[in-house]
Amino acid sequence: MTQDTAYETANPYPAKNALQKSKRLDGLAKTSLKYAAMLWFSVAIIGQLLFVYYILGFYVLSAMKGNLAAWSNVLPHGYIKGDSAGNFAIITHIFLATSITLAGILQLIPQVRARAPKFHRWNGRIYLSSLIIAATTGLYMVWFRNGVGDFTQHLGISLNAVLILLCAAMALRHALARQFTQHRRWALRLFLVANGVWFFRIGLMFWIAINQGPAGFNPKTFEGPFLSFISFANSLIPLIVCELYLRAQDSKNKAVHFSMAGTLLVLSAASGMGIFVAFMGMWLPRL
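Residues numbered from 1 in each chain as written. Predicted model: local features only at pLDDT ≥ 70, side-chain atom pairs only at ≥ 80, totals over all residues. Heavy atoms only, no water.

**A closer look at the overall build of the protein chain**
For step 1, the next point in the chain: Of the regular secondary structure elements, the protein chain holds 10 helices and 0 strands.
For step 2, the next point in the chain: Taking the principal axes of its C-alpha atoms as reference, the protein chain extends roughly 95 × 45 × 30 Å.
For step 3, the next point in the chain: Of all 287 residues assigned to the protein chain, the portion counted as buried reaches 41%.
For step 4, the next point in the chain: Long-range contacts, defined here as pairs at least 24 residues apart, represent 67% of the contacts in the protein chain between residues at least 6 apart.
For step 5, the next point in the chain: For the protein chain, the accessible surface area stands at approximately 16,100 Å², while carbon and sulfur atoms represent 66% of it. (Helix = DSSP H or I, 4+ residues; strand = E, 2+ residues; numbered from the N terminus. Buried < 20%, exposed > 50% of the residue type's maximum accessible area, 1.4 Å probe, protein only. Contact = heavy atoms within 4.5 Å. Areas by Shrake-Rupley, 256 points an atom, 1.4 Å probe, with all protein chains shown as cover.)

Here you go:
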């Protein structure tokens, strides 16, 4: 008996074994992508809850104490005495930030959608309405209240607001048409652009951390090429990653699944670092 014949005798179903191995790899690839996405979402939830804690602990608490002037210590054009329209816009914008963040998290949790569909629908209505108001007041503050940063940054912030309105409209359209797969995808895109301010902050602090200080911008004037870049990147990079993730989900290629899972792991680590530095260096000292 030759060596090849002996191998065939010991392995009478080589094709079947290869198929089983391929299926196991397929399962592992899909599982890796699923849990990598869950890891990033979990890191994001922690970071956003810390952001909510900061908003409540500084902005809301200051307002409750009647000390709106304290906002100007953080925002260059915070509360301005006599500017009724501008003050109304910024107060509305900041107070809505908490409900938008919490509502957005709840909208993306599958268990909430499955077990409390009525709550999911009403929470979605509140979420969309709040986002429309926040995006509109944000545009007003940027262009009519001398928003911080230069013209390029104002364009980036405006792009974020426009994307919020677009994604909100598309998510609502597909929900009303009961096209739930497309609705969930647009809701995911909406969640990402709605957190553009949060991405800006953790991205900036991650950049400062890896450079061991401000790089590519002037911290006094808050202008420079990096800030111009991140003003657009805080909306566009999350959307690009989202599209790659959705395409990876649809793909049958194991390599695509593993590659996307690896990318999400790296982004989870970067997000975690940005969140930690933002909380310790930017948010906690003001509480």
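Let us keep going from here.
**Focus: a nonpolar patch on the surface**
For step 1, the next point in the chain: On the surface, Y53, F276, M280, L284 and L287 cluster together into a nonpolar patch covering about 500 Å² of accessible area.
For step 2, the next point in the chain: Tracing the backbone through its elements, the reader meets L287 in the segment after helix 10 (254-283). (Patch = residues over 30% accessible without salt bridge, like charges linked within 9 Å, V, L, I, M, F, W, Y side chains within 5 Å. Salt bridge = Lys/Arg side-chain N within 4 Å of Asp/Glu carboxyl O.)

**A word on the pattern of salt bridges**
For step 1, the next point in the chain: Counted by the stated rule, this structure contains 2 salt bridges.
For step 2, the next point in the chain: For R185, the salt bridge identified is with D250, shortest N-O distance 2.8 Å. With a gap of 65 residues between them, R185 in helix 7 (residues 180-194) and D250 in helix 9 (residues 225-250) connect regions that are remote in the sequence.
For step 3, the next point in the chain: Exposure remark for R185: the relative accessible area of 18% places this residue in the buried category.
For step 4, the next point in the chain: A salt bridge links E243 to R189; the shortest N-O distance between them is 2.5 Å. Linking E243 in helix 9 with R189 in helix 7, this pair joins segments that are 54 residues apart in sequence.
For step 5, the next point in the chain: Note on R189: relative accessible area 12%, which makes it buried.

**Examining the packing of aromatic side chains**
For step 1, the next point in the chain: Following the criterion strictly, the structure yields 16 aromatic pairs and no others.
For step 2, the next point in the chain: Residues Y54 and W283 carry aromatic rings whose centres are separated by 6.0 Å and whose planes lie at 15 degrees to one another, so their mutual orientation is stacked. Placement of the pair is Y54 in helix 2 (residues 14-64) and W283 in helix 10, with a sequence separation of 229 residues. Pair check on accessibility: Y54 and W283 agree, each one buried.
For step 3, the next point in the chain: Between R125 and the ring centre of W122, over which it is positioned, the NZ or CZ distance is 4.5 Å.
For step 4, the next point in the chain: A cation over an aromatic ring shows up here: R189 above the ring of W186, its NZ or CZ 4.5 Å from the ring centre. (Phe/Tyr/Trp six-rings, centres within 6.5 Å; stacked < 30°, edge-to-face > 60°. Lys NZ or Arg CZ within 6 Å of the ring centre and 35° of its normal.)

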